[in-house]
Every structure is written in structure tokens, then in C-alpha cells.
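Below, each chain spelled out in residue letters.
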Amino acid sequence: MTESGDGAVGGVDDAGSVDVAVRLPAMRVAYNAGSLDEADLAPTWHEQLQAWLDEAIAQSLPEPNAMVLATADAHGFPSSRTVLCKGLDERGIVFYTNYTSAKSHDLTVTRYASATFPWYPLQRQVHVRGEVEKVDVAETAAYWASRPRGSQLGAWASPQSKFVDGRRDLDTALSAIERRFRDVEKIPVPPHWGGWRIRPDVVEFWQGRQDRMHDRLRFVCTDDGWTVRRVAP
Ligand SMILES: Cc1cc2nc3c(=O)[nH]c(=O)nc-3n(C[C@H](O)[C@H](O)[C@H](O)COP(=O)(O)O)c2cc1C
């Protein structure tokens, strides 16, 4: 689906070597995998997101529930990183993390986040933006119980986002936590760990189209309920 006319794909030449600096301007993909009309949309943003998520899973995309989470600190400095969506319903989108991490500090200060699901093989993305709230203790505990023991130990051991002197500090911290919980069958939820829910007021569904004339349909929460508006690509 590359549009470059010289037979080479992206930044890789026929010999398989990469010359990215030269090739970057020529790298482009023709988007013609589908379209998105108003009539195609599910009645609610979360049903539409669930439908696209189901398709991403059915198509065996890697990490289909991965989304790029953007936050800003008190000075407006933005940061982004990938997290995994672990819950989706009419209330919003849930992910789990360390409550002392950089992202959690940002969210505590600003109470707002955006997230983007980047489904490149489907030539789709979904963007959500909204206020955040902490997931309640019972819901967090239910998800925590589903995590593998190793992930639970890691969540206890890692001071996420803090500088550490070296890998050895992390290995030492993990060993200490392993000893601490050696005889404990059900490891408790760390006090510094849990879920955040983004309660969207904007959710945009993007489908790539020919000639960069993409479809963008945006659910917007208004005083009178949700509306759908088309946005120019
Ligand atoms: C595919 C993928 C999934 C990830 N999922 C999570 C996640 O669900 N929760 C999390 O805290 N970090 C996750 N991470 C790590 C984050 O991207 C990030 O490095 C970490 O949360 C620290 O971010 P912060 O310092 O900005 O708070 C994931 C990274 C990748 C690449």
C-alpha cells in the first residue's frame, strides 16, 4: 500500500538496508481500507469504541487495547506514554498504574487526560478526552486479583517514574518484595497502585481515506446529551 513509485517500501531499499534520513519524506501509505459514515456509527461512543476494539482484536493487532495517554503537569508541560485499556463502559475508559508515577501526579493536578488508540493496520485511530477519576477500591481489587503474581510483585517493587542508580536497585527491590510475600498466597493491592477512569466528553473516530480526505466523526458531550459532528480531516 505504499505510494512511493520506485518499488521500495518505506525506508528499506531492495538490498534490505535502511536509509531513513533519505527516505522519510517519501514514506507514505495510501489509506483505502474502509470508510466511516454517520449511518455506520453505533448509538453511543462506548458501543462504537467496543466495536472497533473487537475488530482490532479479531484482526490480531498487537496489543489492541494499548492507548497513548497524554497528560500535562501543573505548568502545562505535556507527556505521553502507552498504557493498556482494562475497562470500557458508558462511564469511561479505565487503565491501571502507580499512583505516585509522573502521570498520576499530572492527573491529580489537572484532572484531565486524553488517550489515543493507534490502530495503524486498520488505518484507524480513536481519540478520547475527558476528566479523570480514581477507580474505586473494589473494582481495582477485582482487576488486581486477575494479574499474574509476577506483575503484582513488580507493582510493589517499582517506584515508577523515580530515578534509580542502576538495574541492580530494581532487582534488589524485587527480591525484597519476593521475600516479604513469600508465604502470602494473595498479595494485597499496594496502597500506591490502582486505576484511573477517563470520563470522556469528546470521543473521535478516525478512518483513513484516499487522498488524505479522511473520515472523522466526533461524539461531543453537551448539556443536552451526546451529539455527533463531522470534522474536516
Ligand atoms: C505496550 C505498553 C503497555 C503499557 N501499559 C502500561 C499500563 O497499563 N500501566 C502503566 O502504568 N504503564 C504501562 N506501560 C508503561 C508506560 O508507558 C510508562 O513507561 C509508565 O507508566 C511510566 O509512565 P510515567 O512515568 O509517565 O508515569 C506500558 C508500556 C507499553 C509500551
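None of the values given here were measured: they were computed from a predicted structure.

## Focus on the overall build of the chain
Line of reasoning, step 1. Looking only at helices and strands, one finds 6 helices and 9 strands in the chain.
Line of reasoning, step 2. In the chain, which comprises 233 residues, the proportion classed as buried is 37%.
Line of reasoning, step 3. Put simply, 63% of the contacts in the chain that link residues at least 6 apart link residues at least 24 apart.
Line of reasoning, step 4. About 13400 Å² of surface is accessible on the chain, with carbon and sulfur atoms providing 53% of the total.
Line of reasoning, step 5. Taking the average location of the 27 positive side-chain charges in the chain and that of its 32 negative ones, the two points are 6 Å from each other.

## So, the site of the ligand
Line of reasoning, step 1. Taken together, Glu-63, Arg-81, Thr-82, Val-83, Leu-84, Tyr-96, Thr-97, Ser-101, Ala-102, Lys-103, Gln-160 and Ser-161 are the residues near the ligand.
Line of reasoning, step 2. One nitrogen or oxygen atom from the main chain of Leu-84 is found 3.0 Å from an oxygen atom belonging to the ligand.
Line of reasoning, step 3. Ala-102 places a main-chain nitrogen or oxygen 3.4 Å from an oxygen atom of the ligand.
Line of reasoning, step 4. Elements with a contribution of two residues or more to the shell around the ligand: strand 2 (78–84), strand 4 (92–98) and helix 3 (102–110).
Line of reasoning, step 5. If you tally residues by element for the shell around the ligand, the top one is strand 2, at 4 residues.
Line of reasoning, step 6. Its residues assigned to classes, the shell around the ligand comprises 4 nonpolar, 5 polar and 3 charged.

## Digging into the UniProt feature "binding site: substrate" (unreviewed entry) in the chain
Line of reasoning, step 1. Those residues carrying the UniProt feature "binding site: substrate" (unreviewed entry) are Arg-28, Val-29, Ala-30, Tyr-31, Lys-86, Tyr-143, Arg-147, Ser-151, Arg-212, Met-213 and His-214 in this numbering. Annotated residues spanning 187 residues; largest pairwise C-alpha distance 43.0 Å, indicating distribution over more than one region.
Line of reasoning, step 2. Here Val-29 is to be found in the loop between helix 1 (20–23) and helix 2 (45–58).
Line of reasoning, step 3. Of note, His-214 is situated in the loop between strand 7 (193–207) and strand 8 (215–222).

## Description of the nonpolar core
Line of reasoning, step 1. By size, the foremost hydrophobic cluster in this structure holds 31 residues, and its most contacted members are Leu-49, Ile-93, Trp-119 and Val-126.
Line of reasoning, step 2. Elements that contribute at least two residues to this core include exactly helix 2, strand 1 (66–72), strand 4, strand 5 (112–119), strand 6 (124–134), strand 7 and strand 8.
Line of reasoning, step 3. Ranked by residue count, the leading element in this core is helix 2, at 5 residues.
Line of reasoning, step 4. Among all residues touching Trp-119, those that are not within four sequence positions of it are Leu-49, Trp-52, Leu-53, Ala-56, Leu-61, Pro-64, Arg-124 and Val-126.
Line of reasoning, step 5. Membership of the second largest hydrophobic core comes to 13 residues, among which are Val-94, Tyr-96, Leu-153 and Ala-155.

## Here's the deal with the UniProt feature "domain: Pyridoxine 5'-phosphate oxidase dimerisation C-terminal" (unreviewed entry) in the chain
Line of reasoning, step 1. Within this structure's numbering, the places UniProt gives as "domain: Pyridoxine 5'-phosphate oxidase dimerisation C-terminal" (unreviewed entry) are residues 193–233.
Line of reasoning, step 2. In residues 193–233, helix accounts for 0% and strand for 71%; the two terminal C-alpha atoms are 39 Å from one another.

## What to know about the packing of aromatic side chains
Line of reasoning, step 1. For the structure on display, the rule yields 11 aromatic pairs.
Line of reasoning, step 2. With a centroid separation of 5.1 Å and an interplanar angle of 50°, the aromatic rings of Trp-156 and Phe-181 are classed as tilted. Of this pair, Trp-156 sits in helix 5 (residues 149–157) while Phe-181 sits in the loop between helix 6 (167–180) and strand 7, and the two are 25 residues apart along the sequence.
Line of reasoning, step 3. A relative accessible area of 5% places Phe-181 in the buried class.
Line of reasoning, step 4. Taken together, the ring pairs connect Tyr-96, Tyr-143, Trp-144 and Trp-193 into an aromatic cluster.
Line of reasoning, step 5. The side chain of Arg-124 reaches across the aromatic face of Trp-52, ending 4.1 Å from its centre.
Line of reasoning, step 6. Residue placement shows Lys-134 over the ring face of Tyr-99; its charged tip is 4.1 Å from the ring centre.

Thresholds, definitions, all that
- Residues numbered from 1 in each chain as written.
- Predicted model: local features only at pLDDT ≥ 70, side-chain atom pairs only at ≥ 80, totals over all residues.
- Heavy atoms only, no water.
- Helix = DSSP H or I, 4+ residues; strand = E, 2+ residues; numbered from the N terminus.
- Buried < 20%, exposed > 50% of the residue type's maximum accessible area, 1.4 Å probe, protein only.
- Contact = heavy atoms within 4.5 Å.
- Areas by Shrake-Rupley, 256 points an atom, 1.4 Å probe, with all protein chains shown as cover.
- Lys, Arg positive; Asp, Glu negative; His and termini not counted.
- Charge placed at Lys NZ, Arg CZ, Asp CG, Glu CD.
- Near = heavy atom within 4 Å.
- Polar contact = N/O pair within 3.5 Å; in protein donor to acceptor, adjacent residues only side chain to side chain.
- Nonpolar A, V, L, I, M, F, W, Y, C, P; charged D, E, K, R; others polar.
- UniProt positions renumbered as here; feature names shortened; annotations may be inferred.
- Core = buried A, V, L, I, M, F, W, Y, C linked by side-chain atoms within 4.5 Å.
- Phe/Tyr/Trp six-rings, centres within 6.5 Å; stacked < 30°, edge-to-face > 60°.
- Lys NZ or Arg CZ within 6 Å of the ring centre and 35° of its normal.

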